[in-house]
Amino acid sequence: MQDEESAIQFAGRQIILRDWRQDDLGIHRYWAAPDHQWQQLDAPYYAKPTPEETEAFIAKAQAAIDAAHWPQPRRRLVIADEQNAYIGQVSWYWISEETYWPAVGIVIYDPAHWGQGKGYEALGLWSDYL
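Below, the structure is looked at part by part. It should be emphasised that the depicted structure is a prediction, and the values quoted were computed from it without experimental measurement. (Residues numbered from 1 in each chain as written. Predicted model: local features only at pLDDT ≥ 70, side-chain atom pairs only at ≥ 80, totals over all residues. Heavy atoms only, no water.)

### Side note on the pairing of strand β5 (residues 101-108)
Where a strand is regular, its side chains alternate between the two sheet faces. Sheet topology places strand β4 (residues 86-96) next to β5; 8 bridges connect them, and they run antiparallel. Bridge assignment links S91 to a residue of β5, and that residue is G105. The turn joining β4 and β5, which pair antiparallel and follow one another in sequence, is formed by 4 residues; a positive phi near 55° is taken by Y100. (Pairing = 2+ DSSP bridges. Helix = DSSP H or I, 4+ residues; strand = E, 2+ residues; numbered from the N terminus.)

### Notes on the environment of R18
Of note, R18 is situated in strand β2 (residues 16-18). On the basis of relative accessible area, R18 is assigned to the buried category, the value being 2%. Linking R18 and I95, residues 77 residues apart in sequence, is a C-alpha distance of 24 Å. Residues in contact with R18, not counting those within four places in the same chain, are I8, Q9, D24, L77, V78, A80, N84, A85 and Y86. At 2.8 Å, the side chain of R18 forms a polar contact with the side chain of D24. (Buried < 20%, exposed > 50% of the residue type's maximum accessible area, 1.4 Å probe, protein only. Contact = heavy atoms within 4.5 Å. Polar contact = N/O pair within 3.5 Å; in protein donor to acceptor, adjacent residues only side chain to side chain.)

### Let's talk about the nonpolar core
Counting 15 residues, the largest nonpolar core has W20, L25 and Y109 as its most contacted members. For this core, the secondary structure elements donating two or more residues are α1 (22-32), α2 (51-67) and β3 (76-80). Per-element tally for this core: the top contributor is α2, with 4 residues. For L25, the residues in contact, after removing those within four places along its chain, are W20, I58, A61, Q62 and I65. Counting residues in each nonpolar core, the second largest holds 13 residues, with I15, L77, I79 and W92 among its members. (Core = buried A, V, L, I, M, F, W, Y, C linked by side-chain atoms within 4.5 Å.)

Interpretation note: all reported values are geometric properties and have no functional meaning in isolation.
Here is the structure:
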């Protein structure tokens, strides 16, 4: 169970950035499956995760949720809608740690949430946090 004192949650006007929860994992599995529209726009030059890679990610996320063990700073946060339901995620990683060159990523899976400024708001909250 997540320790509420250590949980991260940032509320914007339309979205919430927060730590992962158990109920996010099935939704993530659904959106990670092939043939969703978001995948045509998300780094199309990289191979998409295999089902085995998706399950490995979910197992790792499950372990982090169970242990309430999160890196500082977080590497990923959930983007949730106004009802706090998972709609995407933000992330960061090193392109080159030696030169202190990080990169950020953002994905909102369901096209019904596109074009409303939710990604813009999530990126602003994520940048403020980082």
